[in-house]
Structures are given as C-alpha cells and as structure tokens.
Amino acid sequence: MKILVPLKRVPDPDTKIRVRADGSAIETDGVKYTVNPFDAIALEEALRLREQSGTVEILVISIGTAVCQEQLRAGLAMGADRALLIRHDGETDSLGIAKILAELVRRERPDLILMGKQAIDDDSNQTGQMLAGLLGVGQATFISRLTIAPGSGRATCCRETDSGLETVTVSLPAVVTTDLRLNEPRYVTALGIMKAKKKPLEEIDAASLGVDIRSRTHVTRLTRPKGRSAGVRVRTVDELLQKLREEARVI
Amino acid sequence: MTHMTPPKLLVIAESERDGLKLVTLAAVGCARQVAEATGGRFDILVIGAPVQAAVDALQGYGAANIFVAEAKELAVPTADNYAHVIVDVARMHGATMLTAAASTFSKDILPRVAALLDAGMLSDVTAVVPVGDEYTFDRVMYAGNVIAAVTLDGPVKVFTVRASAFPAAEKSGGQSPVVPIAVDRASLPNRIETHDRVATPSGRPDATEARVVVSGGRAIKNAADFERLVGGLADVLGAAVGSSRALVDAGITPNTLQIGQTGKAVAPELYIGLGISGAIQHLAGMKDSKVIVAINQDSEAPIFEIADYGLVGDVYAVVPELIGKLKLS
Ligand SMILES: Cc1cc2nc3c(=O)[nH]c(=O)nc-3n(C[C@H](O)[C@H](O)[C@H](O)COP(=O)(O)OP(=O)(O)OC[C@H]3O[C@@H](n4cnc5c(N)ncnc54)[C@H](O)[C@@H]3O)c2cc1C
Ligand SMILES: Nc1ncnc2c1ncn2[C@@H]1O[C@H](COP(=O)(O)O)[C@@H](O)[C@H]1O
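Residues numbered from 1 in each chain as written. Chains lettered and ligands numbered in written order. Predicted model: local features only at pLDDT ≥ 70, side-chain atom pairs only at ≥ 80, totals over all residues. Heavy atoms only, no water.

A. Expanded view of the overall build of chain A. Helices and strands together make up the secondary structure of chain A, namely six helices and 13 strands. For chain A, the C-alpha atoms occupy an extent of roughly 65 × 45 × 40 Å along the three principal directions. Scored against the burial criterion, the 251 residues of chain A give a buried share of 56%. Across chain A, every contact between residues at least 6 apart in sequence was considered, and the portion connecting residues at least 24 apart equals 69%. Accessible surface for chain A amounts to roughly 11,100 Å². Of this, 49% is attributable to carbon and sulfur atoms. (Helix = DSSP H or I, 4+ residues; strand = E, 2+ residues; numbered from the N terminus. Buried < 20%, exposed > 50% of the residue type's maximum accessible area, 1.4 Å probe, protein only. Contact = heavy atoms within 4.5 Å. Areas by Shrake-Rupley, 256 points an atom, 1.4 Å probe, with all protein chains shown as cover.)

B. Summary view of the sheet that holds strand 4 (residues 57-64) of chain A. If you walk across this open sheet you meet the 10 strands as 11(A)-5(A)-4(A)-1(A)-6(A)-10(A)-7(A)-8(A)-9(A)-12(B), and the pairing is mixed. Single-partner strands in this sheet number two, and they are strand 11 (201-205) of chain A together with strand 12 (192-199) of chain B. If you compare each strand with its neighbour and ignore which way they point, the axes differ by 30 degrees on average. Of the strands in this sheet, strand 1 (2-6), strand 4, strand 6 (112-116), strand 7 (138-147) and strand 10 (174-178) of chain A touch helix 1 (residues 37-53) of chain A, which is tilted by about 145 degrees from strand 6 of chain A. With respect to the sheet, helix 2 (residues 69-78) of chain A is in contact with strand 4, strand 5 (82-87) and strand 11 of chain A, its orientation differing from that of strand 5 of chain A by roughly 165 degrees. (Pairing = 2+ DSSP bridges. Axes fitted to C-alpha atoms, helices over the stretch in contact; angles between N-to-C directions.)

C. Quick look at the site of ligand 1. Near ligand 1 there are 28 residues, and of these Arg 218, Ser 244, Gln 258, Ile 259 and Ser 277 of chain B occur at the shortest range. Bordering ligand 1 are residues originating from chains A and B. For ligand 1, whose accessible area on its own is 990 Å², the fraction buried by protein is 82%. Every element with two or more residues in the shell around ligand 1 is listed here: helix 1 of chain A together with helix 6 (245-249) and helix 7 (280-283) of chain B. (Near = heavy atom within 4 Å.)

D. Broad picture of the site of ligand 2. All names here are of chain A. Taken together, the neighbourhood of ligand 2 is formed by 19 residues, with Asp 39, Ile 63, Ala 119, Asn 125 and Thr 127 sitting nearest. Interatomic distance of 3.4 Å between a backbone N/O atom of Gly 116 and an oxygen atom of ligand 2. Thr 127 places a polar side-chain atom, nitrogen or oxygen, 2.7 Å from an oxygen atom of ligand 2. For ligand 2, whose unbound accessible area comes to 480 Å², protein coverage reaches 97%. If you tally residues by element for the shell around ligand 2, the top one is strand 4, at three residues. Each residue belonging to the shell around ligand 2 can be placed in one class, and the counts come to seven nonpolar, nine polar and three charged. (Polar contact = N/O pair within 3.5 Å; in protein donor to acceptor, adjacent residues only side chain to side chain. Nonpolar A, V, L, I, M, F, W, Y, C, P; charged D, E, K, R; others polar.)

Below is the structure:
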C-alpha cells in the first residue's frame with residue numbers, strides 16, 4: 001500500500017502572530033515554523049498503518065519555497081520513506097494546492113491520501129475535500145479513528161461532527177482528513193534525524209506540472225481584530241452576581 | 001445600490017430528520033443582506049429525506065425559491081452525493097454565489113462543490129462587502145489573531161459564514177415557491193457508505209445557539225464533576241455547556257463540546273470559563289462573546305486579560321456557591 005501525506009509548513013501554534021503595520025502580511029521575524037499539527041497526526045497514522053501491516057510506502061509532500069525542506073526532513077525523521085517538494089513561490093489557495101496534489105496522485109497512484117483537516121495558518125479546512133472532488137473519490141473528513149482491514153481495499157473511519165460521531169466506509173483510493181483525537185504524533189529521535197539524511201528528497205517546480213494553480217483568492221489587507229481589555233476583578237461570588245445582574249445585566 | 005450584474009445566491013440549508021438546523025438562518029441572513037445591498041436575489045436549497053419540516057421552517061424569509069431535492073438516497077448527508085446535487089442545482093439555476101453556515105456539514109461538502117465548479121472558496125467569513133461589481137470578504141485566520149480582507153475571482157464564489165458573525169434572518173412574511181428538484185438516482189456517486197451516526201445526547205441547547213455558555217477546562221477532573229459543576233451552573237442559567245480541547249482529549253467531554261480554533265465558534269451574550277487558561281486556540285472560538293467571565297485559581301491566567309469579570313478561586317469551591325446562590329434567587 002502507498003500513502004501520500006501532505007505536510008504544510010506553518011507557524012508553530014505557540015508563536016504569537018503579529019500583523020505588519022502596513023497590513024500587507026504577518027510579521028515573520030522570530031516566528032518559529034513547524035509541520036501543521038494536523039498533518040503530523042496524519043503522518044503518525046500512516047506510520048502506525050505501516051507498523052501494523054509492514055508493506056506500506058509513505059510519501060510526504062510539501063508545496064512552497066525551499067524552506068519547506070525543513071518540514072519534509074522532519075517528516076522523514078518521523079519515519080516517512082521519501083519526500084517531494086513542489087517548489088512554488090507566490091500566492092496559493094486551497095484549490096490550487098488541491099490541483100497540484102491531484103496531479104501528484106495521478107503520477108504516484110497512492111491508495112490513500114491522509115491529510116490534515118485544517119492548516120492552522122489560513123484555517124481554511126478545504127484542501128482535502130477539494131482534492132477528493134477533483135479526483136472523484138470518496139472522502140472521510142475530521143476523523144478520530146481509521147481502520148483498514150488488510151486486503152479489503154476499504155477504509156472505515158469514525159468522523160467527529162458537530163452533533164456527535166459518524167462511522168463511514170470509503171473504497172480506496174480515498175482522501176481522509178484528520179482531527180485531533182486520532183492519535184498523538186511521536187517525537188522525532190536523533191536516530192530518526194540521522195536516517196532522514198539518507199532518504200530521498202526530490203524537488204519539482206510547480207510550473208512544470210502543467211496544472212493551472214492561479215489563486216482565485218487574494219488577500220488584500222490584514223488587520224488585527226479589535227482587542228479586548230481586561231475588565232475588573234471581583235473578590236466574591238456575591239460581587240460577581242451583583243455585577244452580572246446590575247452592571248452587565250446578562251442574568 | 002444596484003450591482004451591474006446582481007448576484008444569484010444559493011443558500012445550502014442544513015436539515016435533519018427533525019427539521020432545520022438553526023445555524024442555516026445565519027447564512028440566510030447573510031444572503032439576504034447581500035441581495036438587498038446589490039439588487040440580487042437568493043434561493044435556498046434543501047436536500048434530504050424527509051425535508052418537509054425544514055422547508056416549512058424556511059418559509060417567510062424572502063427566498064426567491066426554495067429548491068427541494070428529496071430522495072431516500074439523500075437521507076444522510078454524504079459529501080459526494082450532496083456535492084453532486086448542489087453542483088447540478090447551481091449550474092441549472094446559474095448561481096453566482098453559494099453559501100452555507102460554517103459547520104461540520106458545510107465544511108465537509110462545500111469545498112468539494114467548489115472544486116467541482118472550479119470556483120474559489122472562503123471559509124468562516126465574518127463580513128461580505130459589495131465593492132463596485134465585486135466583493136470583499138472578511139475572515140479570520142491564525143487562530144483569530146488576524147482578520148483578512150479577501151477577494152474572490154471567478155464567475156462563481158463559494159463561502160461559508162460564521163454563524164456568530166451574522167444575525168439570524170428574521171421572518172419578513174410571504175411564501176417562497178417550493179420547487180422540487182428531480183434527483184437522478186443513477187448518477188449519484190455513492191462513494192461514501194454511512195454505517196451509523198450517533199448524536200451525542202444532550203438535554204441542553206447547542207453552544208452555537210445559546211444566549212449563555214458555561215465552559216469547563218482542565219481544572220475539571222472527571223465527567224461527574226463536569227456534569228455537577230459546568231452542567232449544574234449551566235442548568236440554573238438555562239445555558240449551553242462547552243469545553244476546552246483538554247477535556248475532550250481526556251475523554252471527559254464529547255467532541256461536540258469543543259470550543260475554539262478547530263472546534264465550534266460561539267459568541268453568546270455571556271460566556272463563563274471555569275478553570276480554562278485562555279490559550280489562543282480556545283480564545284479563537286469565544287472571544288467575540290459579549291460578556292466574558294473567568295474563574296481560575298491562577299491570577300496570572302491569560303483568560304483574565306480578556307475577561308470582563310474575573311474571579312480568582314478554586315472552581316470546586318466557587319461554582320457550588322454560585323449555583324446555590326442562583327438557585328435561591
Ligand atoms: C492544532 C491545535 C488545535 C487546538 N484547538 C483547540 C480548540 O479548538 N479549542 C481549545 O480549547 N484548545 C485547542 N487547542 C489546545 C490549546 O492550545 C490549549 O492546550 C487548551 O485550550 C488548554 O485547555 P485548558 O485551558 O482547559 O487547560 P490548561 O491550559 O491546562 O488550563 C487549565 C487552567 O485551569 C486552572 N485550574 C486548575 N485547577 C483549578 C481549580 N481547581 N480551580 C480553578 N482553576 C483551576 C489552571 O490555573 C489553568 O489556568 C489546540 C491546540 C493545537 C496545537
Ligand atoms: N502548501 C501545502 N503543502 C502541503 N500540504 C498542504 C499545503 N496546503 C494545504 N495542505 C494540506 O491541506 C490540509 C488542509 O489545509 P487548508 O485547506 O488550507 O486548511 C493541510 O492540513 C495539509 O495537509
């Protein structure tokens with residue numbers, strides 16, 4: 001079985017994000033970058049499938065500039081077999097990324113595309129579903145459990161929805177997107193980093209793929225949301241109740 | 001103001017057997033706003049089986065048409081089949097804007113629709129501003145740290161709206177014509193097989209719809225304590241309950257309660273956080289609440305920086321006292 005796992009380079013969730021004064025972009029000075037946490041969960045799940053069944057090849061892919069090599073190396077150090085960097089410098093949106101991934105799926109013919117439900121920078125939550133649509137394959141989004149019975153050619157997934165849990169089965173190939181409860185990704189070990197240095201990391205220029213990836217979405221300006229300031233401290237429950245009743249009038 | 005080419009909006013309703021999901025009314029509210037500002041019009045599409053309750057609930061909001069795709073194959077929303085129907089209706093009626101309230105239902109389906117229409121898409125939009133013959137959309141990114149103004153190219157634009165940012169539409173009277181859509185069963189992709197859907201039982205309102213939300217964090221040690229403290233306070237206030245990711249990960253609360261960047265976004269009149277530190281990912285889902293109360297034993301907890309009323313204390317002591325005093329009054 002072959003599993004394709006896209007890894008997006010995003011600011012670490014613990015970094016403070018600031019907007020540049022001119023509203024053109026976020027301040028990148030001092031920002032630490034990492035693999036999108038949901039993608040790390042996807043890769044962990046792929047590694048576990050390999051540990052269960054043995055014969056799984058895991059290909060990690062990142063789309064962006066040369067710096068994305070860092071995240072691909074991290075993916076290789078976690079245990080992926082090979083990496084592909086699709087070089088692209090410039091505006092992208094979920095549809096463009098999905099079109100690139102669709103082309104790679106045609107070339108690589110994976111059985112499963114395991115990816116994050118959401119990139120924690122743009123917070124779009126779109127790419128996996130778009131990819132499934134472009135490929136005309138089944139999808140299971142926001143999953144918290146994945147079972148693939150060996151040789152069945154089917155994946156059974158538990159999905160987290162707004163009202164509860166849902167179990168679905170999709171035939172492979174399919175696109176599956178991860179939610180937080182699926183697993184806890186392993187840490188990269190020193191040995192893993194050593195091994196990663198010898199694993200193949202291939203680069204392809206996005207323009208050479210022959211797909212139209214022009215972004216349809218254009219960010220024209222970034223602003224900071226209007227801040228909230230700290231209100232008052234109350235000392236007792238009585239004081240809290242009095243404020244809520246007489247000042248805020250919300251109870 | 002009239003647009004040179006007024007938009008034709010298509011609102012995708014979210015319906016269940018028992019009727020319309022109320023979040024749909026936020027999308028209807030947004031569509032009506034855009035239609036009124038531009039001289040355009042909006043239709044609503046209801047998919048499922050049975051759909052009558054949802055269709056009835058959508059009367060009186062000024063939709064030009066209520067399209068209804070009813071078929072037993074569509075009783076459960078699966079992304080491939082629903083996307084197929086939505087794309088058909090959008091093409092047939094020349095929709096130029098497709099929208100729905102942001103929820104796991106629309107997040108699952110609408111990006112697939114956008115891809116099939118080769119259209120750009122924006123999620124969790126908080127404002128739509130017509131500018132000349134185009135639009136600027138506002139949406140939040142980076143866990144609520146950034147608001148982006150974004151434009152969308154192309155003849156068809158797809159977006160989901162954050163329900164907390166658009167007031168639910170109010171009835172304006174009148175009946176919208178109900179137009180049945182013929183569903184070609186043989187053409188449905190049927191690539192996703194649903195086995196079971198287990199709704200998490202809850203005797204309380206949904207956090208996205210409630211006026212008051214009481215939310216618990218890691219301070220709460222187990223499910224029984226959550227029910228007694230968070231649930232107990234919610235019940236005396238007629239409130240919904242919510243929680244941080246920490247409690248969902250620990251199996252203390254179900255996933256349906258997670259509020260935050262990657263959970264639900266809420267903006268109630270009153271939000272009460274019990275033993276929640278105020279991580280940016282949690283704030284992303286609640287900091288637009290009108291009044292925020294925080295109870296935390298750590299006086300330095302970041303949630304106090306955004307709370308209107310902060311009480312430093314142990315939730316295990318403070319909350320029972322609060323419940324007791326509210327019951328007395
Ligand atoms: C990719 C990603 C996505 C995420 N998405 C979300 C999301 O959608 N929603 C979300 O909530 N989080 C999310 N998180 C997690 C987030 O970063 C925090 O870890 C989480 O919100 C912390 O939950 P908490 O405040 O309950 O726990 P903690 O941060 O551990 O805080 C517990 C608080 O309780 C206080 N406390 C302890 N005991 C008591 C007591 N007896 N009485 C009073 N106070 C007490 C402590 O002082 C502390 O402030 C996400 C993280 C990542 C990386
Ligand atoms: N530039 C990228 N490189 C690799 N994967 C990406 C990229 N952008 C998005 N993805 C994948 O798509 C998922 C959803 O992203 P989004 O739709 O932007 O929220 C991410 O979790 C990644 O798995």
